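Listed here are the chains, written in short residue letters.
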Amino acid sequence: MLGGLIQQLLDGLTIGVVYVLLAAGLSVIFGVMHVINFAHGELFALGAYFALALIGPLGGGTGFFVALLVAPLLVGVIGVLIERFTVRPLYGRNPLYHILLTFGLVLVINDLIYVGWEPGSVSMPIPEFLRATVGVLGANYALYNLFIIAFGGAMAFGVWALLEYTKFGLIVRAGSQDRQMVRNLGIDIDRYYSLVFGMGAALAAVAGIVLGGYQTVSPEMGTSIIIPAFVIVVLGGLGSFKGAVVAGLLVGVIQTVLRTHVPVLEGLVIFLLMIGILLIRPQGLFGSEAHDDDGGELLTGTGGILDSQTRTRLAIVMVGLLTLVPLGVGTLYSMYVVSLVIEILIWGLFALSLDFVMGYTGLVSLGHALFYGTGAYAVAIVLLNVSQSAFVAIALAVLVSAGIAWFVGFLSIRVSGVYFAMITLGFAELFYNLVSRLEITNGSDGLFGASAYYGVAGVGIDLDSIAIFLGTVTLTGQTLFYYVALAALLGAFLLTRRMLRSPFGSVLKSIRENEQRATFLGYETTIYKRRAFVVSGALAGLAGGLFTLNTGYATPSFAHWLHSGEVIVMVILGGMGTLYGPILGSFVFFGLEDVLTDFTARWRLVLGTVFILFVIFLPQGLVSLPSQLAPYLSRGSGPGPEPTPEDTGFGGGDD
C-alpha cells in the first residue's frame with residue numbers, strides 16, 4: 001500500500017518536474033515580455049529531436065549528456081532568432097498579435113520537424129546506468145526517473161536564482177515592470193528580452209529531452225503538451241515562476257493519481273481546476289493582477305476597408321460565381337471542387353461566427369471549436385438516435401450551441417482579455433476530453449453513419465433521391481447540399497449584418513471602440529457581449545452541424561484546439577471586424593492548402609510562414625491590401641501619407 005503510494009508520488013513528481021521546466025519557460029516569457037507563446041510546445045519537441053540527432057552518432061551514453069547540454073543551446077539560439085525577427089516587431093501591439101504569431105510558428109516548426117525527421121514515435125537512448133532500478137521506501141523505482149527529478153529540480157532552482165540574485169535577473173525584472181525606464185538608464189533591454197526568450201526556449205528543450213527518455217519522441221509531442229503547460233501557467237499565475245513550480249508539481253501528481261484510480265477523470269479535472277481558478281482568482285494562485293494593457297483590450301477590428309458600393313458589387317459578383325460552381329461539374333472540373341467549396345463555405349460560416357464576437361466586441365475566444373464540435377455532435381446524435389430530420393437536427397444543434405454559449409459566456413465574460421481567451425480554451429478542452437470518453441459520443445472513435453432527409457415527421461426528401469436536370473448537368477445529392485451550405489452562409493451574413501446595423505450592433509461597435517465610454521453612457525456592456533457571444537456560438541454550432549450533415553460523422557478532433565487556432569487564422573488572414581473578410585480568409589486558407597498539397601505534404605509550413613508575414617506586415621488582413629497598395633500604384637513610389645478614414649472606408653461601416 002505504502003509502496004504503491006510512494007510509486008505514484010514519485011511518478012507524479014517525475015512528470016511534474018517536466019511540467020515545471022516547460023511552464024517555467026512559458027511563465028518567464030510572459031512575465032517579462034507579456035508574450036503568450038503557443039510555439040513553446042514545438043520548441044519542446046525540437047529539443048527532443050535535436051537530442052536524437054546528437055545521440056545517434058555519439059551513442060546513448062556520453063551522447064545523452066552531450067545532447068542534454070548542446071540541444072537546449074541550439075533551441076535557445078532559435079528562440080533568440082524568433083524573438084529578434086518575429087516577436088520584437090510586435091512589441092507595443094496588442095497581446096493577441098503574439099498569440100496569433102506564435103500559432104503561425106506552431107505550423108512552421110511542426111512541419112519543419114516532419115521535414116527533418118520521420119513521422120512516428122521513436123525511443124530516445126539513455127545511459128545504461130540510468131536504466132537501473134533502486135529501492136525507495138519499499139518500492140522499486142527507475143533511476144532515470146530520480147535523475148529527472150533531481151536534474152529538473154536543479155535546473156528550476158538555477159533559473160530562479162539567476163532571476164532573483166544576479167544583475168541579469170535584476171535588469172530583466174526591472175524591464176518587465178517598466179521597459180522605458182530601463183532604456184532611459186542606458187540599458188539595451190531588447191537584448192535582455194532576446195536572452196530571456198532564448199532561455200525559455202532552452203528550458204522547453206530540456207523538458208523535451210528528459211521526457212523523450214522517459215516516454216518516446218514524436219512530432220505530435222509538442223501540440224499534446226502545450227495545453228497542460230498553459231493550464232499550469234494559469235493555475236500558478238501568469239508570469240509567476242513560483243506559481244509555475246507549484247502548479248507543475250501539483251498537476252503532475254494529480255494526473256498520475258487520477259490515471260491510476262479514476263482514469264476517466266484524468267483529462268477533465270485539470271481543466272475544471274483551470275476554469276475554477278480563472279473564475280475565482282483570474283491572476284492564479286501566485287500571480288499578480290494584470291495591467292489593463294495586458295489583457296483588458298485585445299485586438300479589435302477596425303471596420304471595413306472597401307467602400308460600401310464596392311463591397312456590394314463584389315458581393316453580388318461573388319454570390320453569382322458561387323451559385324454557378326455546381327454547374328461546372330463534369331465539364332470544367334470534377335465533383336471534388338464542389339466538395340472543397342462546401343467545406344470552404346462551412347468554415348467561412350465558422351469564421352464569420354468568430355468574427356462577430358472577436359471583431360466587434362474584442363472577446364478573443366481561443367476555444368471556439370467547442371461550439372463547432374457541439375453542433376456537429378448534436379446533429380450526429382439526433383440523426384442516429386432521435387430523428388433523421390435534418391431540420392430537427394440542425395435546429396437542436398443551434399439551440400444546444402447557443403445554450404452552451406450562454407453558459408460559457410455567463411461564467412467567462414466576467415473576466416477579460418487574456419483571461420477570457422484562456423477560460424474559453426479551458427472549456428473547449430473540457431468538451432474535447434468529454435466527447436473523447438463518453439459512451440453517447442462513442443469515445444475517441446466518434447460517430448459515423450448519420451444520414452438525413454429534408455423534412456419533418458417522416459415527410460420529406462432525401463437529396464440523393466431527387467435530381468434536377470439543367471442541360472448536361474444533373475443536380476443531386478452533394479451538389480444540392482452545396483446550395484444548402486451557400487444559403488446558410490448568406491443567411492448568417494445577412495443576419496449578422498442586420499444586427500450590426502441595429503441599435504444592438506451600434507452598442508457592440510461602441511464597445512469595440514471604447515468599452516468604458518459605452519459603460520458611462522449607461523449600457524450594460526457585459527450583457528451585450530454575452531448576447532453577441534450567444535449569437536456567435538449558435539452560428540458556430542450551425543457550421544459544425546452542417547459539416548456533419550454533409551459528411552455523416554463527428555469526431556473529437558472537431559473540438560481540438562488546433563481547430564480554434566485555424567479559424568482564428570482565417571479571420572486574421574481575411575480581415576477581422578469586416579464579416580466578409582473571414583469568409584475570404586476561409587477561401588484563401590483552403591485554397592492555399594489545396595494548391596500546396598499538390599506540391600508538398602508540408603503545406604502548413606508555407607501557410608504558417610504566410611500567416612506570420614500577415615501578422616507582422618498586414619495585420620488588418622487581405623481586405624486592407626487595396627489601401628496598402630494604392631499609394632504605390634497611384635504615385636509609383638512610397639506609401640505616401642497615412643490614409644484618412646474617408647480614404648480607407650473606416651467610417652463607412654463594417655459590413
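Each value, and the rule that gives it
- Residues numbered from 1 in each chain as written.
- Predicted model: local features only at pLDDT ≥ 70, side-chain atom pairs only at ≥ 80, totals over all residues.
- Heavy atoms only, no water.
- UniProt positions renumbered as here; feature names shortened; annotations may be inferred.
- Helix = DSSP H or I, 4+ residues; strand = E, 2+ residues; numbered from the N terminus.
- Axes fitted to C-alpha atoms, helices over the stretch in contact; angles between N-to-C directions.
- Left-handed = near helix turned anticlockwise from the far one by under 90°.
- Contact = heavy atoms within 4.5 Å.
- Nonpolar A, V, L, I, M, F, W, Y, C, P; charged D, E, K, R; others polar.
- Buried < 20%, exposed > 50% of the residue type's maximum accessible area, 1.4 Å probe, protein only.
- 1 Å grid on protein atoms, 1.4 Å probe; cavity = no way out; pocket = protein on both sides within 12 Å on 5 of 7 lines; lining within 4 Å.
- Points joined across faces, edges and corners; volume = space filled by probe spheres on them.
- Polar contact = N/O pair within 3.5 Å; in protein donor to acceptor, adjacent residues only side chain to side chain.
- pLDDT = per-residue confidence, 0-100.
- Patch = residues over 30% accessible without salt bridge, like charges linked within 9 Å, V, L, I, M, F, W, Y side chains within 5 Å.
- Areas by Shrake-Rupley, 256 points an atom, 1.4 Å probe, with all protein chains shown as cover.
- Salt bridge = Lys/Arg side-chain N within 4 Å of Asp/Glu carboxyl O.
- Parallel < 35°, antiparallel > 145°, perpendicular 65-115°, else oblique.
- Pairing = 2+ DSSP bridges.

As recorded by an unreviewed UniProt entry, the chain carries the name ABC transporter permease and is attributed to Natribaculum luteum. Looking at the Subcellular location (unreviewed entry) heading of the UniProt record, one finds this comment for the chain: "Cell membrane".

Here N442, not a glycine, exhibits a phi torsion of approximately 60 degrees, which is positive. Of note, N442 is situated in the loop between helix 17 (417-435) and strand 3 (454-456). For L579, which is not glycine, the phi torsion reads 70 degrees and is therefore positive. Relative to the assigned elements, L579 resides in the loop between helix 21 (561-574) and helix 22 (580-597).

To continue, consider the packing of helix 16 (residues 390-412) against helix 20 (residues 525-551). Relative orientation and spacing of two packed helices are given, respectively, by the angle between their axes and the distance between those axes. Packing of helix 16 against helix 20 leaves a shortest axis separation of 7 Å and a crossing angle of 145 degrees. For helix 16 against helix 20, the interelement crossing comes out right-handed. Residues A390, I394, A397, V398, S401, A402, A405, W406, V408, G409 and F410 of helix 16 form the contact with helix 20, whose own contacting residues are R530, F533, V534, G537, A538, G541, L542, G545, L546 and L549. Per-class residue counts for the contact of helix 16 with helix 20 are 15 nonpolar, five polar and one charged.

This part is about the environment of V264. Mapped onto the elements, V264 comes out in the loop between helix 10 (241-261) and helix 11 (266-280). Here V264 falls in the partly exposed class, since its relative accessible area comes to 47%. Between the C-alpha atoms of V264 and Y192, which are 72 residues apart in sequence, the distance is 44 Å.

Applying the stated rule across the entire model yields two cavities of 30 Å³ or more. Counted as a void, the largest cavity has a volume near 90 Å³. Together, F38, I99, L100, F103, L366, L425, W561, S564, G565, I568, V569 and F611 line the largest cavity. Only helix 4 (96-116) and helix 21 provide two or more residues apiece to the lining of the largest cavity. Looking at which element gives the most residues to the lining of the largest cavity, the answer is helix 21, with five residues. The residue inventory of the lining of the largest cavity, partitioned by class, reads ten nonpolar, two polar and no charged. Approximately 40 Å³ is the volume found for the second largest cavity. Forming the boundary of the second largest cavity are L26, F30, V35, I36, N37, F230, V233, L238 and M422. Contributions of two or more residues to the lining of the second largest cavity are made by helix 1 (2-33) and helix 9 (221-236).

What follows deals with the side chain of S502. Mapped onto the secondary structure, S502 falls in the loop between helix 18 (478-501) and helix 19 (503-520). From its side chain, S502 meets the backbone oxygen of M499 in a polar contact 2.5 Å long.

Before going further, it helps to examine the confidence of the model for the chain. Here the chain averages 84 in pLDDT, and 93% of its residues register 70 or above. For the chain, the element scoring lowest by mean pLDDT is helix 25 (residues 645-648), at 39; helix 15 (residues 369-385) scores highest, at 94. This stretch, residues 292-301, has a pLDDT under 50; its non-local contacts, to residues over four places away or in other chains, come to 35 contacts.

In this section: the environment of L5. Structurally, L5 is set in helix 1. A relative accessible area of 43% means that L5 is categorised as partly exposed. Distance from L5 to A139, taken between C-alpha atoms, is 9.3 Å for residues 134 residues apart in sequence.

Once that is clear, we can look at the side chain of S564. Considering the arrangement of structural elements, one finds S564 in helix 21. There is a polar contact of 3.4 Å between the side chain of S564 and the backbone oxygen of L366. A polar atom in the side chain of S564 sits 3.0 Å from the backbone nitrogen of A369. Among residues more than four places away in sequence, those in contact with S564 are L366, G367, H368 and A369.

Attention now moves to a nonpolar patch on the surface. Taken together, the side chains of V317, M318, L321, L324, L327, I468 and L470 present a nonpolar region at the surface, about 590 Å² in accessible area. When contributions to the nonpolar patch are tallied by element, the ones reaching two or more residues are helix 13 (308-324) and strand 5 (468-470).

Packing of helix 9 against helix 10 leaves a shortest axis separation of 8 Å and a crossing angle of 125 degrees. By the criterion of interaxial angle, the relationship of helix 9 to helix 10 is oblique. Judged by the sense of rotation from one axis to the other, the crossing of helix 9 with helix 10 is right-handed. Across the interface between the two elements, I232, L235 and G236 of helix 9 pack against G243, A244, A247, G248 and V251 of helix 10.

Time to look at the pairing of strand 2 (residues 139-142). What you see with strand 2 is a clean split: A139 and Y141 sit on the buried side and N140 and A142 on the side with no burial. In this structure, strand 1 (residues 133-136) lies alongside strand 2, joined through four bridges in antiparallel fashion. Following the sheet pairing, T133 is matched in strand 2 by A142. Counting the residues between successive antiparallel strands, the hairpin from strand 1 to strand 2 contains two residues, one of them, L137, with a positive phi of roughly 50 degrees.

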